[in-house]
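# What the coordinates show
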Amino acid sequence: QVQLVESGGGLVQPGGSLRLSCAASGSIFSRYVMGWYRQAPGKQREMVATSTSGRITNYAGSVKGRFTISRDNAKNTVYLQMNSLKPEDTAVYYCYAHNPVQGDYWGQGTQVTVSS
């Protein structure tokens, strides 16, 4: 079992930066695929970035070069550094954890709003 607690969302101006954090507990953190998904108003949830247990990363095309996912296994925490934010990045961002045996887990979501 895994529990995910997110923090770091908020309101920022276009071009600004924000870092999201997700603290996990309840299992062996290092053996999970971790990621960030987002859901904008009127749209389906989409993958933003993922990081495997081997720290192989994958990004949505719309955020490549601007967002960076990282993980600190010692602290059971995954981060999403977001730079050069655009209004199109406005969405609820969800932390995600996956293990073939334990299944999928989701955080409660944190709002990110990019507006002038």
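Everything that follows concerns the structure shown earlier in this document.
The following paragraphs examine the structure supplied in this document. Sequence positions are assigned chain by chain, starting from 1 and proceeding in written order. Two thresholds apply to this predicted model, a pLDDT of at least 70 for residue-level local features and 80 or more for giving and counting side-chain atom pairs, whereas whole-chain, interface and lining totals are computed over all residues. Neither water nor hydrogens contribute to the side-chain values; these are computed over all heavy atoms in the structure.

## Focus on the packing of aromatic side chains
Stacked, tilted and edge-to-face pairs are distinguished by plane angle, under 30 degrees for stacked and over 60 for edge-to-face with tilted covering the rest, among Phe, Tyr and Trp rings (Trp via its six-membered ring) whose centres lie within 6.5 Å. Considering all chains together, one arrives at three aromatic pairs under this definition. Centroid distance Y37 to W106: 5.1 Å. Interplanar angle 75°. Geometry classified as edge-to-face. Of this pair, Y37 sits in strand β4 (residues 33–39) while W106 sits in strand β10 (residues 103–106), and the two are 69 residues apart along the sequence. A simple rule labels every residue: compare its accessible area, found with a 1.4 Å probe on the protein chains alone, to the largest value its type can have, and call it buried under 20%, exposed over 50%, or partly exposed in between. By relative accessible area, Y37 is classed as buried at 18%. Numbering of helices and strands runs from the N terminus; a helix is a DSSP stretch of H or I covering at least four residues, while a strand is a stretch of E covering at least two.

## Considering the pattern of salt bridges
Each salt bridge in this description consists of a side-chain nitrogen of Lys or Arg and a carboxyl oxygen of Asp or Glu lying within 4 Å of one another. Scanning the model with the defined rule gives three salt bridges in all. With a closest N to O distance of 2.9 Å, R38 and E46 form a salt bridge. On the basis of relative accessibility, which here comes to 6%, the residue R38 falls in the buried class. D89 is the partner of R38 in a salt bridge, and the nearest nitrogen-oxygen pair spans 3.0 Å. Of this pair, R38 sits in strand β4 while D89 is found in the loop between β8 (77–82) and β9 (91–99), placing the two residues 51 residues apart along the sequence.

## With respect to the state of the cysteines
Disulfide: a pair of cysteine sulfur atoms within 2.5 Å of each other. One pass over the structure, following the stated rule, counts one disulfide. The residue that forms a disulfide with C22 is C95, at a sulfur-sulfur distance of 2.0 Å. Its torsion about the S-S bond being -90°, the disulfide of C22 and C95 is classed as left-handed. Separated by 73 residues along the polypeptide, C22 in strand β3 (residues 18–25) and C95 in strand β9 bring together distant segments of the chain. Accessibility assignment for this pair places C22 and C95 in one class, buried.

## Focus: the sheet that holds β3
Pairing between strands requires that DSSP locate at least two bridges from one strand to the other. With respect to topology, four strands assemble into an open sheet ordered β1-β3-β8-β7, the strand pairing being antiparallel. The sheet is open, and its two borders are formed by β1 (3–7) and β7 (67–72), each paired with just one other strand. Each neighbouring strand pair of the sheet contributes to a mean axis angle of 15°, computed without reference to strand direction. Bridge count for β1 against β3 is five bridges, and the pairing is antiparallel. Looking across to β3, one finds that E6 is bridged to C22. Between the N-to-C directions of two axes lies an angle of 0 to 180 degrees, each axis being a line fitted to C-alpha atoms and, for a helix, fitted only over the stretch in contact.

## Observations concerning unusual backbone geometry
Of note in this structure, R55 is not a glycine but carries a positive phi near 65°. Backbone geometry at N76 places phi at a positive 55°, although glycine is not the residue there. Residue position: N76 is located in the loop between β7 and β8.

## Brief notes about the environment of Y32
Tracing the backbone through its elements, the reader meets Y32 in the loop between β3 and β4. Taking relative accessible area as the criterion, Y32 reaches 3% and is therefore assigned buried. For the pair Y32 and V92, spaced 60 residues apart in sequence, the C-alpha to C-alpha distance is 22 Å.

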